[in-house]
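What the coordinates show
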Number of protein chains: 2
Amino acid sequence: MSNNRNKEVENLAACFKALSNPHRLRIFIKLITCCSPGTSCPVKDGMSACVGELGKDLGLAASTISHHIKELHTAGLLRMERSGQRIECRVDVDALRKLSGFLAGWGIGISPATLDHATSIELKDQTNGR
Amino acid sequence: MSNNRNKEVENLAACFKALSNPHRLRIFIKLITCCSPGTSCPVKDGMSACVGELGKDLGLAASTISHHIKELHTAGLLRMERSGQRIECRVDVDALRKLSGFLAGWGIGISPATLDHATSIELKDQTNGR
DNA sequence: TCGATTATTCGACATATATCGAAGTATACC
DNA sequence: GGTATACTTCGATATATGTCGAATAATCGA
């Protein structure tokens with residue numbers, strides 16, 4: 001229970017850490033926007049782009065981009081799937097929603113006093129899908 | 001413009017960084033909940049607690065707590081005000097709302113394709129109030 | 001099979017972060 | 001003034017992070 005709660009806070013912190021680096025945040029933003037509905041996008045499927053595209057314009061070495069994307073992936077914020085030579089990345093909408101829910105619970109003025117509920121949003125279980 | 005956009009991403013990243021450490025996140029959560037309406041709280045004023053209270057139960061040295069709270073403060077997530085011997089901390093609801101707004105824009109499924117708007121939420125200007 | 005493209009892993013390195021204890025500052029109370 | 005309480009600043013130190021380039025792996029096309 002309390003142990004569980006601990007794990008939730010750790011997960012939450014891990015997500016924030018993944019977004020805490022400007023380069024990574026930029027990658028994440030690009031992923032979210034570059035392929036959103038209505039935008040022309042190299043990949044037809046919504047919210048998806050390959051590693052190379054995401055890293056463009058950041059002025060970083062390929063290995064560094066790869067490292068950053070791995071961080072986002074490990075935090076559960078994005079999913080990766082091989083497609084030929086490329087590896088497609090897409091936002092994990094669930095994780096994003098949960099993260100957003102945590103902040104929205106208060107910030108926006110909606111029901112506070114609900115830590116029990118708010119921190120029990122189960123962030124992506126670290127053991128599956130990676 | 002683009003320079004401005006850069007600064008916004010930096011600010012956003014700085015906020016995430018402040019919340020990326022489990023100890024700091026715990027402090028932040030405590031601050032948000034311990035004194036929310038309806039809860040009995042050492043400080044009557046909603047969402048406020050002194051440095052010492054926030055750091056309790058974390059098993060950290062006072063200097064470390066101080067350091068963490070300073071980080072949260074620098075990121076603009078909380079305000080501090082001297083009150084006698086104590087220093088009262090309260091969440092900066094504006095910053096929280098903006099942070100939350102950034103994630104909520106997508107995550108929750110509300111209008112995507114609005115990066116222009118979403119990243120132009122002006123996060124607290126680093127130069128005032130600290 | 002060979003070369004091109006795309007991405008990851010590895011080792012090195014500089015910088016940043018988390019942490020402590022000791023010393024310093026500010027305020028309150030006697 | 002002197003002492004207690006609350007917090008911050010400073011210096012030290014161990015660990016984590018961001019970055020690169022070189023080497024490796026996976027896939028495609030000729």
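The notes below deal with the structure included here. (Residues numbered from 1 in each chain as written. Chains lettered and ligands numbered in written order. Predicted model: local features only at pLDDT ≥ 70, side-chain atom pairs only at ≥ 80, totals over all residues. Heavy atoms only, no water.)

**What about the protein's contact with DNA strand C?**
For DNA strand C, the set of nearby residues contains 25 residues, the closest of which are Ser 66 and Gln 85 of chain A together with Ala 61, Thr 64 and His 68 of chain B. Here, DNA strand C places atoms within 4 Å of the protein, and 72% of those atoms are sugar or phosphate. Measuring from a phosphate oxygen of DNA strand C, one finds a side-chain N or O atom of His 68 of chain B at 2.4 Å. Gln 85 of chain B has a polar side-chain atom sitting 3.5 Å from a base oxygen of DNA strand C. Of all elements in the fold, only helix 3 (51-55), helix 4 (62-74) and strand 3 (86-91) of chain A together with helix 2 (22-34) and helix 4 (62-74) of chain B reach the threshold of two or more residues within the surface near DNA strand C. The residue inventory of the surface near DNA strand C, partitioned by class, reads seven nonpolar, 13 polar and five charged. (Near = heavy atom within 4 Å. Polar contact = N/O pair within 3.5 Å; in protein donor to acceptor, adjacent residues only side chain to side chain. Helix = DSSP H or I, 4+ residues; strand = E, 2+ residues; numbered from the N terminus. Nonpolar A, V, L, I, M, F, W, Y, C, P; charged D, E, K, R; others polar.)

**Here we look at helix 4 of chain A**
All names here are of chain A. Here helix 4 spans 18 Å end to end across 13 residues, near enough to the 18 Å set by a 1.5 Å rise per residue. By the burial criterion, the buried members of helix 4 are Ile 65, His 68, Ile 69, Leu 72 and His 73. Across the axial projection of helix 4, the buried residues extend over an arc of 145°, all falling on one side. Helix 4 presents Ser 63 and Lys 70 as exposed residues on the side facing more than 90 degrees away from its buried surface. Downstream of helix 4 by one or two residues, Gly 76 has phi in the positive range, about 90°. (Expected span 1.5 Å × (residues − 1). Buried < 20%, exposed > 50% of the residue type's maximum accessible area, 1.4 Å probe, protein only. Arc of directions from axis to C-beta.)

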